[in-house]
Each structure stands twice: as structure tokens, then as C-alpha cells.
Amino acid sequence: MDVTASGDPQSYSSGERVFGPPRGTFDPDWAATALRSNRPELDHPTSVRLVTQAWELLRERDIRGDELTAALASESGVDTDLAGAVSAIATETARFYLDRP
């Protein structure tokens, strides 16, 4: 993916998302973009860092929702409102990547 001088990703071209959900490879840029749609004040690198951290917690501990929010808030030092927004994106992303239909 191309990145602008500000660090924001440029939009994807047609056909580049072939291996996305379901059960593709986790793409932190995709999840970060979803997070920024709800929290536009976040810059892209911060969003990527937070969703990556949430994804690692989710995978390592098999936690989601409120439990993931609490873990993210305590381990990343972000407030619970932001941790909740990140947790919601990670939990929803897990539905696409991990849950069986």
C-alpha cells in the first residue's frame, strides 16, 4: 500500500484486497482505517499500533469485548473510551477472520 507524506494510507486500487477477510491474513492497515472512521482524531500510525496490540491480546488470550477493552487500557495506557473503540474494531475483525460461519 502506498503511504502519503503525512503517513496516511492512500486508497486501495481495485483487486488489491484479494486476501482480506474472511480467514485471510490480518491486515492492520484495514483495521486501522476502520478505527479511524470512528475516531478520526487518531493518526494512522497510532491506529495501526493500537489495533495491532489489540489483535495480539485477542489472539494470545482469546479475549474480546469488555475483557479486551480492560486489557488494552491497562497495557497500552489509553483511556477506556479509546480502548473500547479499539476493542470493538478488533472484536468485529475477529468475526471476519476467526469465527466459523
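Residues numbered from 1 in each chain as written. Predicted model: local features only at pLDDT ≥ 70, side-chain atom pairs only at ≥ 80, totals over all residues. Heavy atoms only, no water.

Some thoughts on the overall build of the chain
For step 1, the next point in the chain: Regarding its fold elements, the chain presents four helices and zero strands.
For step 2, the next point in the chain: In sequence order, the secondary structure elements of the chain are arranged as α-α-α-α.
For step 3, the next point in the chain: Summarising the internal contacts of the chain: among those between residues at least 6 apart in sequence, 51% fall at separations of at least 24.
For step 4, the next point in the chain: Per element, the accessible surface of the chain, about 6,000 Å² overall, is 49% carbon and sulfur. (Helix = DSSP H or I, 4+ residues; strand = E, 2+ residues; numbered from the N terminus. Contact = heavy atoms within 4.5 Å. Areas by Shrake-Rupley, 256 points an atom, 1.4 Å probe, with all protein chains shown as cover.)

Structural notes on the packing of helix 2 (residues 44-61) against helix 4 (residues 80-97)
For step 1, the next point in the chain: The contact between helix 2 and helix 4 brings their axes to 9 Å, and the two run at 60°. Relative to helix 4, the element helix 2 is oriented oblique. In the packing of helix 2 onto helix 4, the handedness of the crossing is right-handed. Only Leu82, Val86, Ile89, Ala90, Thr91, Thr93, Ala94 and Tyr97 of helix 4 make contact with helix 2, whose side of the interface consists of Leu50, Val51, Ala54, Trp55 and Leu58.
For step 2, the next point in the chain: Of the residues assigned to the contact of helix 2 with helix 4, the class counts are eleven nonpolar, two polar and no charged. (Axes fitted to C-alpha atoms, helices over the stretch in contact; angles between N-to-C directions. Parallel < 35°, antiparallel > 145°, perpendicular 65-115°, else oblique. Left-handed = near helix turned anticlockwise from the far one by under 90°. Nonpolar A, V, L, I, M, F, W, Y, C, P; charged D, E, K, R; others polar.)

Some words on the environment of glutamate 41
For step 1, the next point in the chain: Within the element layout of this structure, glutamate 41 appears in the loop between helix 1 (28-38) and helix 2.
For step 2, the next point in the chain: Separated by 2.7 Å, the side chains of glutamate 41 and arginine 39 make a polar contact. (Polar contact = N/O pair within 3.5 Å; in protein donor to acceptor, adjacent residues only side chain to side chain.)

Here we look at the pattern of salt bridges
Working definition: two side chains of opposite charge can pair if their charged atoms are close together.
For step 1, the next point in the chain: Scanning the model with the defined rule gives three salt bridges in all.
For step 2, the next point in the chain: A salt bridge links glutamate 41 to arginine 39, with the shortest nitrogen-to-oxygen separation between them at 2.7 Å.
For step 3, the next point in the chain: Close ionic contact of arginine 95 with glutamate 92 constitutes a salt bridge, the shortest N to O distance being 2.2 Å. Separated by three residues within a single helix, arginine 95 and glutamate 92 lie in helix 4, roughly one turn from each other. (Salt bridge = Lys/Arg side-chain N within 4 Å of Asp/Glu carboxyl O.)

Focus on the packing of helix 2 against helix 3 (residues 65-76)
For step 1, the next point in the chain: Two numbers describe how helix 2 lies on helix 3: the axes approach to 10 Å, and their chain directions differ by 125°. If you check the angle between helix 2 and helix 3, you find them oblique. Our pair here, helix 2 against helix 3, has a crossing hand that is right-handed. Together, Leu50, Gln53, Ala54, Leu57, Leu58 and Arg61 of helix 2 and Leu68, Ala71, Leu72, Glu75 and Ser76 of helix 3 make up the contact between the two elements.
For step 2, the next point in the chain: Across the contact of helix 2 with helix 3, the residue classes tally to seven nonpolar, two polar and two charged.

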